[in-house]
Structure formats: structure tokens, C-alpha cells
Amino acid sequence: MAAEIGLAVRGVARAMSARMLAARIGLGVAIAGVLGSGAYLSGKLERDSRGRVEDFKADAPTAAEIRAEAANSARRKAFDEEAFIKGTKEDARTFGMPLAQADAIAKPQAYSVELQEPVVLGTGRSWRSEHLEVRAVSDKVSYQKLGATVSARHSIAQIENISDTPVAYVARVRSHDRGKCDVRGARQHNAMALMPGEVAEVVVCAGGGKIRIDRAEVLEISELGYRYLSRVPPRAAGHDGLTATSHAPPGGVGMCETVDQGGLAQAIKDGTTRWVDIVDYYSRHSCDRFRFFFDYRYAPEAPGRLPAVPPKG
């Protein structure tokens, strides 16, 4: 009996050992499967991530594209129409003008060459056009000579705006007998624009004598345009250095420092731009916020979009 019980016990033990072995084998297979699956999923994740990075790189903008977009954004901001209108209204308030003056800068501006053939005037004589009257006078003017202050008689052209609208003007005046006089005195005046009834005293030459007007041009402008233009350095409109130092903007305001005086003066000499192009632009754009571009051209009709936008590039 005891022997039979022992055999049974050993049989049960062998069966349990076989089942435990099978269980261990199954567990090993399961673990291997999990590890294999994990390795596959990990590889797939890495492949998917790598694919997404490559897709991102393909879609990402280049440095050149980023710079171009930044430039376009800055351009849109600089030439925004609403900001321009707001700026002109603020300027009108600063100058103590009605806000309607801010709208006037967008209207057509008549341009005329008022004198094409030279006119010679003796002292006391005058010439007049639709907008200007030029009178030849003689008077004493002080100036510097060899470090000393000298007072001497000079020929002077008194230029008056006889029209009822503000004008930008240029009158090429010189001595009839001596041509251009480099040594001469000066009197402060507005060399860029004149309000109705305003007079500019342009000193022509020391020693008196007749004056000669070679050419006169006029552009009708708004009152706000008069203020804008008065802050533009005269050299930018083709005037000489003495005229530039004689220029006196109204109200004691300073002149703009960002205007390319030399470049504009040279462009007028070269014929790549004209006096009227420059004064039309700056009678519509504050020289504090905008700079003339050489593609800009005066047009008799209303300019359309303001601010004027230069070509890209």
C-alpha cells in the first residue's frame, strides 16, 4: 500500500514538473513576443518621427523667404493708408490747421512753367505772371568778407506770391552783368514755398545792377503741403548752398535731416528727376516719415493712393 502511494506521489510530481516547464516555456515565449513587439513599435516610432521631421524640413521656410516676408511686413506697415491718414491729421493739428487740410494734400496740383525766356529787370522794374511778381530792388546787405562783416549795396529780387493759393516755386535769378555772384550777402526767406502775399527777398549780387530771371516754375499746393515743403532742405530742390543757408521755415521749426540732399540735387542736374517731381512728392508726404524715391513722377491728376509706394526692390 505504501509503495503504491509513493508511486502516485512521484507521478503527480512528474506531471506538475512537466506543467511548470510548459508554463515557463510559455512565459518565455510571451516575454520574447512582448520584447519583439516593443522593438518593432520603437523602430516604427523612430521611423515615423524621422518622417515627420523630414516633412517639417521640407515645409519650413528658407532664410531668404523669412527675410522677404519680414521685408514685406515692414513695407506694409510703412505704407499703410490708415496710418498715413492718421499721421496727416496729427500734422494738421500740430500746425493749428483745420483737419480738412489733411484731405487737401490728395487733390490735383496745377504745375506751370511761368517763364521760359529770360527777362532782364533794372532797379525798380518788375515782372509778373499768374502766380508770381518779381521786383528788382537795390539795398544794403551785410555779409562776411575775409573774416570781417561788410555792408554793401546789393541787387535783390523780391519774389511775391500774388495768387490766392500757396505755391511751391523756383526762380532762377542772377546778375545780368556779372552772372552768378558767389560772394554776396543773404536775407532769410522761404526758398521752397510761399503763402498768398508772402515775399521772399533773394539777394542776387553785391554792387547792384540789373537782374536777370532765367526761368520760373510754380506748383499750386495745399496749406499743409506748404508746411511740409518748408521743412525740406533747399539743396534737395536744386538750390545753391547760400540759398540753402538763407532758408527760414515758418514758425521756427527745423528742417528734416533724413532728406538725401546731395542725391536729389545731382538727380536734377542729371535730368533723372525734375524739380516738380520732388516738390510734388514732399508737398504730400512728411519728410519726417517718408523719403523721395526716383520712380516718383508728378501727375496733373490726383495722385490716387497715398502714401505713394516705391516699386519693390
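Only a predicted model underlies this, so the values are computations on that prediction, with no experimental measurement involved. (Residues numbered from 1 in each chain as written. Predicted model: local features only at pLDDT ≥ 70, side-chain atom pairs only at ≥ 80, totals over all residues. Heavy atoms only, no water.)

This part covers the sheet that holds strand β3 (residues 126-128). The 4 strands lie next to each other as β3-β4-β5-β8, forming an open sheet whose pairing is antiparallel. With partners counted over all chains shown, the strands left at the sheet margins are β3 and β8 (199-206), one partner each. Sheet twist, expressed as the mean angle between neighbouring strand axes with direction ignored, is 40°. Where strand β5 (residues 148-161) meets β8, 7 bridges bridge the pair, whose relative direction is antiparallel. Each bridged residue has a counterpart across the sheet, and for I159 the counterpart in β8 is A200. (Pairing = 2+ DSSP bridges. Helix = DSSP H or I, 4+ residues; strand = E, 2+ residues; numbered from the N terminus. Axes fitted to C-alpha atoms, helices over the stretch in contact; angles between N-to-C directions.)

The description of an aromatic ring pair rests on the distance of the ring centres and on the angle between the ring planes. A complete count under the given rule lists 10 aromatic pairs for this structure. A ring pair is formed by F79 and F290, whose centres lie 6.2 Å apart and whose planes are at 40°; its orientation type is tilted. Of this pair, F79 sits in the loop between α2 (63-78) and α3 (81-94) while F290 sits in the segment after α8 (275-282); the two residues are 211 residues apart in sequence, bridging distant segments of the chain. Of the residues examined, F79 reaches a relative accessible area of 16% and is grouped as buried. (Phe/Tyr/Trp six-rings, centres within 6.5 Å; stacked < 30°, edge-to-face > 60°. Buried < 20%, exposed > 50% of the residue type's maximum accessible area, 1.4 Å probe, protein only.)

What follows deals with the state of the cysteines. The term disulfide refers to a covalent linkage connecting the sulfur atoms of a pair of cysteines. The final tally for this structure, using the stated rule, is 2 disulfides. Sulfur-sulfur distance for the disulfide between C181 and C205 comes to 1.8 Å. Its torsion about the S-S bond being -70°, the disulfide of C181 and C205 is classed as left-handed. Separated by 24 residues along the polypeptide, C181 in the loop between β6 (167-175) and β7 (193-194) and C205 in strand β8 bring together distant segments of the chain. You can call C181 buried: its relative accessible area is 9%. (Disulfide = S-S within 2.5 Å.)

This paragraph deals with the layout of surface pockets. Space inside the largest pocket adds up to approximately 600 Å³. Forming the walls of the largest pocket are 26 residues, and the residues nearest its centre are R172, V173, H239, D240 and T243. Mapped by element, the contributors of at least two residues to the lining of the largest pocket are β6, β8, α6 (241-246) and α7 (261-270). The residue makeup of the lining of the largest pocket, split by class, is 11 nonpolar, 7 polar and 8 charged. (1 Å grid on protein atoms, 1.4 Å probe; cavity = no way out; pocket = protein on both sides within 12 Å on 5 of 7 lines; lining within 4 Å. Points joined across faces, edges and corners; volume = space filled by probe spheres on them. Nonpolar A, V, L, I, M, F, W, Y, C, P; charged D, E, K, R; others polar.)

Take the pairing of β5 next. Relative to β5, strand β4 (residues 132-145) is paired through 14 bridges, and the arrangement is antiparallel. Bridged to V141 within β5 is A152. In sequence, β4 turns back onto β5 through a hairpin of 2 residues, with L146 there showing a positive phi of about 55°.

Applying the stated criterion across every chain yields a total of 14 salt bridges. Close ionic contact of E133 with R135 constitutes a salt bridge, the shortest N to O distance being 3.4 Å. Note on R135: relative accessible area 21%, which makes it partly exposed. Among the salt bridges present, the one from D139 reaches R187, with a minimum N-O distance of 2.9 Å. Residue D139 is found in strand β4, and its partner R187 is found in the loop between β6 and β7; the two are separated by 48 residues along the sequence. (Salt bridge = Lys/Arg side-chain N within 4 Å of Asp/Glu carboxyl O.)

As a further point, take the confidence of the model for the chain. Per-residue pLDDT for the chain averages 83, and the proportion of residues at 70 or more is 76%. Under a pLDDT of 50 for its full length, residues 1-13 has, in the predicted model, 0 contacts with residues more than four places off or in other chains. Counted against residues more than four places away or in other chains, residues 27-36, with its pLDDT under 50, gives 0 contacts. (pLDDT = per-residue confidence, 0-100. Contact = heavy atoms within 4.5 Å.)

This paragraph deals with the nonpolar core. Within the largest apolar cluster, 36 residues are counted, with the highest numbers of intra-cluster contacts made by L219, L229, V232, V259, W275, Y281 and Y282. Elements supplying a minimum of two residues to this core: α3, β6, α5 (223-230) and α8. At 6 residues, the largest contribution of residues to this core is made by α8. Every residue in contact with L229, bar those within four places of it in the chain, is listed here: A168, M192, I221, V279, Y282 and S283. If you look at the next biggest cluster of nonpolar residues, it comprises 22 residues, including A136, A157, Y169 and C205. (Core = buried A, V, L, I, M, F, W, Y, C linked by side-chain atoms within 4.5 Å.)

Relative to the helices and strands, N190 is located in the loop between β6 and β7. Taking relative accessible area as the criterion, N190 reaches 3% and is therefore assigned buried. The spatial distance from the C-alpha of N190 to the C-alpha of Y169 is 9.9 Å, given a sequence separation of 21 residues. Each residue touching N190, except ones within four places of it in the same chain, is listed here: Y169, E198, A200, Y226, S230, H247, A248 and P250. Polar side-chain contacts of N190 include one of 3.0 Å to the side chain of S230. (Polar contact = N/O pair within 3.5 Å; in protein donor to acceptor, adjacent residues only side chain to side chain.)

This part covers the environment of Y282. Tracing the chain through its elements places Y282 in helix α8. For the pair Y282 and L229, spaced 53 residues apart in sequence, the C-alpha to C-alpha distance is 5.7 Å. Once you skip the residues sitting within four places of it in the chain, Y282 turns out to touch Y228, L229, V232, V259, L264, C287, F290, R291 and F292. Reaching out from Y282, the side chain makes a polar contact with the backbone nitrogen of F292 at a distance of 3.1 Å.

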